[in-house]
Amino acid sequence: MSRTKKNVLINNTLEDLLKKYKPSDVVSKIENNLTTYRNVEISISKIYLSNMINKAYYNLDDLYADEVDIRNNGIVEPLLIYRDKSKYADKYLLLNGTKRYLLLKKMHMDQVKVAIIENVTQRQVDEFILMNTIRNEDSSLIIAYALKQFSSKYKIKNAGLSQITGISYSQILNLMRILNLSEPVIKSLINNQITYTKARPLLSLKPEQQISLLKEIIEENLSVRDIEFKVNTLLNTKKNNMKIAMEGTKITINCQNPKQAKRVYKKIQKLYKINW
């Protein structure tokens, strides 16, 4: 689930925002508990992020158009926040608008329009935040992190996450695994140097192998098929003690025995759909 388009702020009302979430019982519950939403401003220093959100996974350079819009027009759509009086008297948990919140902090803006939610459960709040990351088409890393945190907090397995989010079991599994990638690969995902589909095959490799292949992927703009082939070659070379060499456009693979050579031959033929 790679991010393929810019996240642009939509200048609409809070009512429009909430309509987007109508199918969700959780969101309906939250909507019914709005205490106020017109012309309310608080200091952004009183707002904090959920532990389901990893702000390091947001690339604010992607939001330059949004930053310009805020400077020119201010915040039209209020941030939705939650007040848990049992925890904090004057602190508020951010429910949506993470990108705008991070941009406002970056721009050193203090006052921000908000709508305050009360009288909902922590589980409802967390589920809202989870669904918000998915429906906003956030990056695979952001969604994966929210899924992992929600799963860990409420002891919910992947099948349960699939029912809650509508994401298939296999896709949830793949998303959660991407958090196990080496740090340089994750940074490349954040900086849009590599897509989710190109990063996923690297999960089979050791961290040092991931880093080595990552450089090739970026410099040569390798396709997913090329990456899968290189990953399979690395894995088979280690497992079967094969030797591989490349000279110009020529690739030479030396196998241990004829049986192994036949297997490699068939895999290459199938992978590239070559009729020899």
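Quick notes on the rules
Residues numbered from 1 in each chain as written. Predicted model: local features only at pLDDT ≥ 70, side-chain atom pairs only at ≥ 80, totals over all residues. Heavy atoms only, no water. Helix = DSSP H or I, 4+ residues; strand = E, 2+ residues; numbered from the N terminus. 1 Å grid on protein atoms, 1.4 Å probe; cavity = no way out; pocket = protein on both sides within 12 Å on 5 of 7 lines; lining within 4 Å. Points joined across faces, edges and corners; volume = space filled by probe spheres on them. Nonpolar A, V, L, I, M, F, W, Y, C, P; charged D, E, K, R; others polar. Phe/Tyr/Trp six-rings, centres within 6.5 Å; stacked < 30°, edge-to-face > 60°. Patch = residues over 30% accessible without salt bridge, like charges linked within 9 Å, V, L, I, M, F, W, Y side chains within 5 Å. Areas by Shrake-Rupley, 256 points an atom, 1.4 Å probe, with all protein chains shown as cover. Salt bridge = Lys/Arg side-chain N within 4 Å of Asp/Glu carboxyl O. Lys, Arg positive; Asp, Glu negative; His and termini not counted. Charge placed at Lys NZ, Arg CZ, Asp CG, Glu CD. Buried < 20%, exposed > 50% of the residue type's maximum accessible area, 1.4 Å probe, protein only. Core = buried A, V, L, I, M, F, W, Y, C linked by side-chain atoms within 4.5 Å. Contact = heavy atoms within 4.5 Å. pLDDT = per-residue confidence, 0-100. Arc of directions from axis to C-beta. Axes fitted to C-alpha atoms, helices over the stretch in contact; angles between N-to-C directions. Parallel < 35°, antiparallel > 145°, perpendicular 65-115°, else oblique. Left-handed = near helix turned anticlockwise from the far one by under 90°.

## Some remarks on the environment of Lys148
For step 1, the next point in the chain: Secondary-structure assignment places Lys148 in helix 6 (residues 140–154).
For step 2, the next point in the chain: For Lys148 and Leu175, which are 27 residues apart along the polypeptide, the C-alpha to C-alpha distance reads 9.3 Å.

## Brief notes about the layout of surface pockets
For step 1, the next point in the chain: Considered as a void within the structure, the second largest pocket measures approximately 420 Å³ in volume.
For step 2, the next point in the chain: Elements supplying a minimum of two residues to the lining of the second largest pocket: helix 11 (207–220), helix 12 (224–240) and strand 7 (243–247).
For step 3, the next point in the chain: Here the lining of the second largest pocket is built from residues that sort into nine nonpolar, four polar and four charged.

## Re the packing of aromatic side chains
For step 1, the next point in the chain: If you walk through the whole model with that rule in mind, you get two aromatic pairs.
For step 2, the next point in the chain: Residues Tyr57 and Tyr145 carry aromatic rings whose centres are separated by 5.9 Å and whose planes lie at 85° to one another, so their mutual orientation is edge-to-face. Of the two residues, Tyr57 is situated in the loop between strand 3 (47–48) and helix 3 (64–73) and Tyr145 in helix 6; the sequence distance between them amounts to 88 residues.
For step 3, the next point in the chain: Consider the rings of Phe150 and Tyr154, whose centres lie 4.9 Å apart with planes at 50°: the pair is tilted. Residue Phe150 and its partner Tyr154 are located together in helix 6, separated by four residues, close to a single helical turn.

## Section: a positive patch on the surface
For step 1, the next point in the chain: On the surface, a cluster of positive charge is made up of Lys46, Lys55, Lys91 and Lys105.
For step 2, the next point in the chain: Of note, Lys91 is situated in the loop between strand 4 (79–82) and strand 5 (92–94).
For step 3, the next point in the chain: Classification of Lys91 as partly exposed rests on a relative accessible area of 32%.

## Describing the nonpolar core
For step 1, the next point in the chain: Among the nonpolar cores identified, the biggest contains 68 residues, and Ile47, Val114, Leu181 and Leu202 are the most heavily contacted of them.
For step 2, the next point in the chain: Among the elements that take part in this core, helix 6 stands out by supplying seven residues, more than any other.
For step 3, the next point in the chain: Apart from the residues lying within four places of it in its own chain, the contact partners of Leu202 are Leu181, Val185, Ile194, Gln210, Leu213, Ile217, Ile227 and Val231.

## Side note on the confidence of the model for the chain
For residues with low pLDDT, the predicted coordinates do not support detailed interpretation.
For step 1, the next point in the chain: Model confidence for the chain is summarised by a mean pLDDT of 82, while 83% of its residues fall at 70 or above.
For step 2, the next point in the chain: Averaged over each element, pLDDT in the chain is lowest for helix 1 (residues 14–19) (47) and highest for helix 9 (residues 183–190) (96).
For step 3, the next point in the chain: For the stretch residues 1–15, pLDDT sits under 50, and the model shows 38 contacts to residues farther than four places along the chain or on other chains.

## With respect to helix 3
For step 1, the next point in the chain: Looking only at helix 3, the buried set comprises Asp66, Glu67, Asp69 and Ile70. The buried residues of helix 3 occupy an angular sector of 160° when projected down its axis, which confines them to one face. For helix 3, the exposed residues lying more than 90 degrees away from the buried face are Tyr64, Ala65, Arg71 and Asn72.
For step 2, the next point in the chain: Those residues of helix 3 that are buried are in contact with helix 4 (98–106).

## Notes on the pattern of salt bridges
Any two side chains of opposite charge can pair if their charged atoms end up close together.
For step 1, the next point in the chain: The final tally for this structure, using the stated rule, is six salt bridges.
For step 2, the next point in the chain: Across the pair Arg71 and Glu67 runs a salt bridge, and its minimum N-O distance is 3.0 Å. Taken together, the residues Arg71 and Glu67, both in helix 3 and four residues apart, mark about one turn of the helix.
For step 3, the next point in the chain: Assessed through its relative accessible area of 53%, Arg71 is described here as exposed.
For step 4, the next point in the chain: Take Glu67: its relative accessible area is 11%, and that puts it in the buried class.
For step 5, the next point in the chain: Measuring nitrogen to oxygen at the nearest pair gives 2.8 Å for the salt bridge that ties Asp126 to Lys153. Taken together, the positions of Asp126 in helix 5 (residues 122–135) and Lys153 in helix 6 put the pair 27 residues apart, joining distant regions of the chain.
For step 6, the next point in the chain: Salt bridges here are not isolated pairs; linked through shared partners, they connect Glu67, Arg71 and Lys106.

## Examining the packing of helix 3 against helix 4
For step 1, the next point in the chain: Contact pair helix 3 / helix 4: the axes reach a minimum separation of 10 Å and the direction vectors enclose 65°. As far as their axial angle goes, helix 4 and helix 3 are roughly perpendicular. Judged by the sense of rotation from one axis to the other, the crossing of helix 3 with helix 4 is right-handed. When helix 3 is examined against helix 4, the residues Asp66, Glu67 and Ile70 are found in contact with a partner set consisting of Leu103, Leu104 and Lys106.

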